[in-house]
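Overview (structure and organization)
If you want the building blocks of each chain, they are given just below.
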Amino acid sequence: MDRIPLSQLATIEQAFGPGTIRREAGSRRIAVEAAVHGRDLGSTASEITTKLSKELSLPTGYFFNVGGRVESQTRAARSAAW
């Protein structure tokens, strides 16, 4: 697999916004958002999940979840399969 510089895939910009840490099911939660352009959402989410699982070393008790629209798309696909 060829490596592609991130600058060819994404525009990264720093933005300031409210630093909101929410509580959900007894856990603290913070969201990191991203937009997908030029490819399908499902394969993008799958690739992100795979890479983060392999390369991200989180302390005990921490986890990540790729969600949002991809969760809705997955539920819709399951419903259509029945």
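First things first, this report covers the structure right here in the doc. (Residues numbered from 1 in each chain as written. Predicted model: local features only at pLDDT ≥ 70, side-chain atom pairs only at ≥ 80, totals over all residues. Heavy atoms only, no water.)

1. Section: the pattern of salt bridges
Basically, it comes down to this: The salt bridge definition used is simple: a Lys or Arg side-chain nitrogen within 4 Å of an Asp or Glu carboxyl oxygen. Only protein chains enter the accessibility calculation, which uses a 1.4 Å probe; a residue is then buried when its area is under 20% of its type maximum, exposed when over 50%, and partly exposed in between.
Counted by the stated rule, this structure contains three salt bridges. Among the ionic pairs, E24 bridges to R29, the shortest N-O distance being 3.6 Å. Judged by relative accessible area, E24 falls into the partly exposed class, the value being 47%. With a relative accessible area of 36%, R29 lands in the partly exposed category. When the shortest N-O distance is used, the salt bridge between E47 and R39 registers 2.9 Å. Taken together, the shared-partner salt bridges connect R39, E47 and K51 into one network.

2. Brief notes about helix α2 (residues 41–55)
Which entries qualify depends on this criterion: Here a strand is any run of E in DSSP of at least two residues, a helix any run of H or I of at least four, and the numbering for each starts at the N terminus. Every helix has an expected span of 1.5 Å times one less than the residues it contains. Throughout this description, a polar contact denotes any pair of N or O atoms lying within 3.5 Å of each other; where both atoms belong to protein, one of them has to be capable of donating a hydrogen while the other can accept it, and for residues adjacent in sequence the pair is counted only when both atoms sit in side chains.
If you check α2, its first and last C-alpha atoms are 21 Å apart, about what 15 residues at 1.5 Å a residue would give, namely 21 Å. Its side-chain oxygen at 3.4 Å from the backbone nitrogen of G42, D40 defines the N-terminal cap of α2.

Structural measurements only, silent on function.
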